[in-house]
There are 2 protein chains.
Amino acid sequence: MYLWHQYYNYMFSLSEENYLKSIYHLEAIHGKGISTNSIAKKLETKASSVTDMIKKLAEKEVLVYKKYQGVSLTILGRKEATTIVRKHRLWEVFLVDKLNFSWDEVHDVAEQLEHIKSPKLIDELDVFLGFPKMDPHGDPIPDKEGNFQKIEKRLLSTLEEHKTGICVGVNDSSSDFLKYLDKNNISLGQKIKVLSKESFDGSLTILIHSKEITISKKISNNIYIQ
Amino acid sequence: MYLWHQYYNYMFSLSEENYLKSIYHLEAIHGKGISTNSIAKKLETKASSVTDMIKKLAEKEVLVYKKYQGVSLTILGRKEATTIVRKHRLWEVFLVDKLNFSWDEVHDVAEQLEHIKSPKLIDELDVFLGFPKMDPHGDPIPDKEGNFQKIEKRLLSTLEEHKTGICVGVNDSSSDFLKYLDKNNISLGQKIKVLSKESFDGSLTILIHSKEITISKKISNNIYIQ
DNA sequence: AAAAATATTTAGGCTTATCTAAAAAATTAT
DNA sequence: ATAATTTTTTAGATAAGCCTAAATATTTTT
Ligand SMILES: [Mn+2]
Ligand SMILES: [Mn+2]
Ligand SMILES: [Mn+2]
Ligand SMILES: [Mn+2]
């Protein structure tokens, strides 16, 4: 019996919250009807564990589940997931803006902080940070009501030769990937020009900071531009 | 398998941390050899659960346990407990100083935040807050090495008639008690003069903010003065 | 020094969140 | 349309952390 029981009647465990968040992110990419296997892959767990958990979450009416048909979040489920995403991203801003973390160090700590139960905490944090609209990786932060604007963006890999874009986000917040970007001076707001595209492996030679570098398809598939 | 495994090889669960912290606080009052029952009472759990857990913690060498003899923290256990206390109190300062929480609102949230695993987080928080020495309830905050100075203090209930003291701490951080203090304008740094003492029930009539009020023995037993 | 009372431990269960292996359903290939 | 493959579910186990009830040890009272 934990302390946050005084705040909520409807409460989710750390594990349930992680399932909701993962399903939310998967729906954002693939639409409704998220498969057991895709959830298992995202959470690095087994399909059988997922089946167990989605039954439980269906009971709690945060998602709809029909055997062999995958799941979809309900309004309630999406609300809950959005709150977790809001918390995750606000904490990331806090860590970078106030505590001298770099953008590659925040994700894992935010994974823990997003589960802290206190409505006042997160709303006051929002105030304290000046109601930021974006997290350090360019992802939008939902407001108190769960609303946020979807920003226009496309993958760098889809940019044509000789065209220019501005880096506005990343598709992978892992420390490894972000450190690679740092090493190559790629950061949010940076202008990137595609000089040439290798059709064989999809690698790009780009101009950034008036320096030419070649990046693999895997890299350009994880950078968003505008 | 949680994310913090990347930071530590030696890691404690939320529950283990709460046991360590409770035993640490009990040792501060009663010295070595903390009984199973006293731990159970502090953690609002059953003695049989405590026996299970202290066996596990003894295995991990954070405490010494001999059947029927109670437990004592080892150096390692005390170090771990001190870190948790440090985190708890630093978060309390953060909530009050930066997020507009009042001193009666912080404890329950800090109970959650104290379990966040990230050495960088807590040390940067310390920097950000300006290395505070006291939490909002007048309790000392251990530094990075676990050192803190014990401040001179006594219970208000031990102050003689006509003598004056300054409120420097509380023995109970519950919201209920702190709200009572707020209602009666009793806060840290406040001058308190004992006007009279009722020998029958130990209640005190005190002068605070040039107002006379009468408080029960239970209240004066939870206020520290200097 | 017994007897009574209290404290502690042990035994056996329960829940949550996992897992592996096997069964069943759905999809894809022939 | 059948067979092969893949996906999903079910069945049964495990570990952590808790519980109740019973057994045992310690302490207090008589
Ligand atoms: Mn993140
Ligand atoms: Mn992010
Ligand atoms: Mn506290
Ligand atoms: Mn405190």
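Residues numbered from 1 in each chain as written. Chains lettered and ligands numbered in written order. Predicted model: local features only at pLDDT ≥ 70, side-chain atom pairs only at ≥ 80, totals over all residues. Heavy atoms only, no water.

Let's talk about the coordination of the manganese ion (ligand 1)
Residues and elements named next belong to chain A. Basically, it comes down to this: Sites may look incomplete because water is not among the atoms; the donors themselves are N, O and S atoms within 2.8 Å of the metal, or within 3.2 Å for Na, K and Ca. Strands here mean DSSP runs of E at least two residues long; helices mean DSSP runs of H or I at least four residues long; both are numbered from the N terminus. Buried means the residue's accessible area, taken with a 1.4 Å probe over protein chains only, is under 20% of the maximum for its type, while exposed means over 50%, and partly exposed covers the values in between.
For the manganese ion (ligand 1), every protein donor is listed as His 88 (NE2), Glu 92 (OE) and His 107 (ND1), and the spread of their distances is 2.0 to 2.1 Å. Counting gaps between the donor residues of the manganese ion (ligand 1) yields the pattern H-x3-E-x14-H. The metal-metal distance between the manganese ion (ligand 1) and the manganese ion (ligand 2) is 3.4 Å, with Glu 92 serving as a donor to both. Of this pair, His 88 sits in helix α4 (residues 75-99) while His 107 sits in helix α5 (residues 106-113), placing them 19 residues apart in sequence. Using a relative accessible area of 25% as the deciding quantity, one classes His 107 as partly exposed.

Digging into the protein's contact with DNA strand D
What counts is decided by this rule: We call a residue near a given molecule or strand whenever any one of its heavy atoms falls within 4 Å of it. The definition of a polar contact used here is a pair of N or O atoms within 3.5 Å, where within protein one atom must be able to donate a hydrogen and the other to accept one, and adjacent residues in sequence count solely through side-chain atom pairs. Just so you know the grouping, Ala, Val, Leu, Ile, Met, Phe, Trp, Tyr, Cys and Pro go in nonpolar, Asp, Glu, Lys and Arg go in charged, and all remaining residues, Gly too, go in polar.
Taken together, 21 residues surround DNA strand D, and among them Lys 55, Tyr 65 and Lys 67 of chain A together with Ser 49 and Lys 56 of chain B come closest. In DNA strand D, atoms within 4 Å of the protein come from the sugar-phosphate backbone in 78% of cases. Note that a phosphate oxygen of DNA strand D is positioned 2.6 Å from one of the side-chain N or O atoms of Ser 49 of chain B. In terms of residue count, the dominant contributor to the surface near DNA strand D is helix α3 (residues 47-59) of chain B (5 residues). Its residues assigned to classes, the surface near DNA strand D comprises 6 nonpolar, 10 polar and 5 charged.

Overview of the interface of chain A and chain B
How we decide: Residue contacts are counted whenever heavy atoms from the two residues lie within 4.5 Å of one another. A quick way to say it: buried area is the sum, across both parts, of accessible area lost when two parts are put together, with a 1.4 Å probe. Whenever a carboxyl oxygen of Asp or Glu lies within 4 Å of a side-chain nitrogen of Lys or Arg, that contact is scored as a salt bridge.
Taken together, the contact pairs 28 residues of chain A with 28 residues of chain B. Both faces combined, the contact of chain A with chain B buries some 2,400 Å², and carbon together with sulfur accounts for 68% of it. Counting every contact that joins chain A to chain B gives 2 salt bridges. Salt-bridge contacts for Lys 120 of chain B lead to Glu 105 of chain A; the nearest nitrogen and oxygen are separated by 3.2 Å. Across the contact surface, chain A and chain B share 8 residue pairs in polar contact (both at pLDDT 80 or more). When residues of the side of chain A that touches chain B are traced back to their parent elements, those giving at least two are α4, α5 and α6 (119-128) of chain A. Residues of the side of chain A that touches chain B, tallied by class, amount to 16 nonpolar, 5 polar and 7 charged.

What about the packing of helix α4 (residues 75-99) of chain B against helix α6 (residues 119-128) of chain B?
Residues and elements named next belong to chain B. For clarity, the threshold we go by: Here the axes come from fitting lines to C-alpha atoms, over the contacting stretch only for helices, and the angles between their N-to-C directions go from 0 to 180 degrees. For classification purposes, angles smaller than 35 degrees are called roughly parallel, those larger than 145 roughly antiparallel, those between 65 and 115 roughly perpendicular, and all remaining angles oblique. Handedness of a crossing follows from how the near helix is turned relative to the far one, being left-handed for an anticlockwise turn of less than a right angle and right-handed for a clockwise one.
Axis separation between α4 and α6 bottoms out at 10 Å; the angle between their running directions is 45°. Between α4 and α6, the angle falls in the class oblique. Crossing of α4 over α6 shows left-handed handedness. On α6, the residues that touch Arg 86, Lys 87, Leu 90, Trp 91, Phe 94 and Lys 98 of α4 are Leu 121, Ile 122, Asp 123, Leu 125, Asp 126 and Phe 128. In terms of residue class, the contact of α4 with α6 is built from 7 nonpolar, no polar and 5 charged.

Comments concerning the sheet that holds strand β6 (residues 204-208) of chain A
Residues and elements named next belong to chain A. Let me state the cut-off plainly: Two strands qualify as a pair provided DSSP detects at least 2 bridges between them.
Taken in spatial order, the 6 strands make up an open sheet running β3-β8-β4-β5-β6-β7, and their pairing is antiparallel. The open sheet is flanked by β3 (154-155) and β7 (211-215), the only strands paired with a single partner. Of the strand pairs in this sheet, β6 and β7 are connected by 5 bridges, and their pairing is antiparallel. Bridge pairing links Leu 207 to Glu 212 in β7. Packing against the sheet, helix α7 (residues 175-183) makes contact with β4 (164-170), β7 and β8 (223-225), and its axis sits at approximately 145° to β4.

Points about the domain arrangement of chain A
Keep this limit in mind: Note that the domain bounds were set by an automatic or database domain assignment.
In terms of domains, chain A is made up of domain 1 (10-73) and domain 2 (154-225). Averaged C-alpha coordinates put domain 1 of chain A and domain 2 of chain A at centres separated by 32 Å.

Details of the sheet that holds strand β8 (residues 223-225) of chain B
Residues and elements named next belong to chain B. Pairing is antiparallel in the open sheet, where 6 strands are placed in the order β3-β8-β4-β5-β6-β7. Two strands close off the open sheet at either side, each with one partner strand: β3 (154-155) and β7 (211-215). On top of the sheet, helix α7 (residues 175-183) reaches β4 (164-170), β7 and β8; it is set at about 145° to β4, its chief contact.

So, the nonpolar core
Rules: Buried Ala, Val, Leu, Ile, Met, Phe, Trp, Tyr and Cys residues that are joined via side-chain atoms within 4.5 Å together make up what is termed a nonpolar core.
Counting 33 residues, the largest nonpolar core has Leu 113 of chain A together with Trp 91 and Leu 113 of chain B as the members making the most contacts within it. Those elements that place two or more of their residues in this core are α4, α5 and α6 of chain A together with α4, α5 (106-113) and α6 of chain B. Not counting chain neighbours up to four residues away, the residues in contact with Trp 91 of chain B comprise Trp 91 and Leu 113 of chain A together with Ala 110, Leu 113, Glu 114, Leu 121, Ile 122 and Leu 125 of chain B.

Concerning the coordination of the manganese ion (ligand 3)
Residue and element names in this part refer to chain B. The manganese ion (ligand 3) binds to the protein through His 88 (NE2), Glu 92 (OE) and His 107 (ND1); the donor distances cover 2.0 to 2.2 Å. Counting gaps between the donor residues of the manganese ion (ligand 3) yields the pattern H-x3-E-x14-H. In this structure, the manganese ion (ligand 3) is positioned 3.4 Å from the manganese ion (ligand 4), and both are ligated by Glu 92.

Quick word on the relation of the copies chain A and chain B
To be explicit about the condition: Superposition of the copies was done by least squares, using only C-alpha atoms of residues whose pLDDT is at least 70 in both.
By a simple turn and slide, chain A fits onto chain B: the slide is 0.0 Å along the axis, the RMSD is 0.1 Å, and the turn is 180°. Both copies are brought into coincidence by an operation consistent with a two-fold rotation axis. Closest approach to the rotation axis among the C-alpha atoms of chain A is made by Leu 113 of chain A, whose C-alpha sits 3.8 Å away. When the interface residues of chain A are mapped onto chain B, 100% of them again lie at the interface, so the same face is used by both copies.

Observations concerning the packing of aromatic side chains
Condition: Only rings of Phe, Tyr and Trp enter the pairing, Trp through its six-membered ring, and a pair is recorded when the two centres are within 6.5 Å. The plane angle decides the type: under 30 degrees is stacked, over 60 is edge-to-face, the rest tilted. Whether a charge sits over a ring comes down to the Lys NZ or Arg CZ being within 6 Å of the ring centre and within 35 degrees of the ring normal.
With the rule as written, the count across this model stands at 7 aromatic pairs over all chains. Ring geometry for Trp 91 of chain A and Phe 94 of chain A: centres 5.6 Å apart, planes at 80°, overall edge-to-face. With a gap of 3 residues between them, Trp 91 of chain A and Phe 94 of chain A both fall in helix α4, about one helical turn apart. In this structure Phe 94 of chain A comes out as buried when scored by relative accessible area, which is 0%. Between Phe 94 of chain A and Phe 128 of chain B, the aromatic rings sit 6.2 Å apart at their centres with planes inclined by 85°, giving edge-to-face as the arrangement. Placement of Phe 94 of chain A in helix α4 and of Phe 128 of chain B in helix α6 is noted, with the two residues assigned to different chains. Of the residues examined, Phe 128 of chain B reaches a relative accessible area of 22% and is grouped as partly exposed. Three or more aromatic residues link up through ring pairs in this structure, and these residues are Trp 91, Phe 94 and Phe 128 of chain A together with Trp 91, Phe 94 and Phe 128 of chain B. Note that Lys 120 of chain B overlies the ring of Phe 101 of chain A, its terminal NZ or CZ placed 5.1 Å from the centroid. One cation-aromatic arrangement involves Lys 153 of chain B over Tyr 224 of chain B; the distance from NZ or CZ to the ring centre is 4.3 Å.

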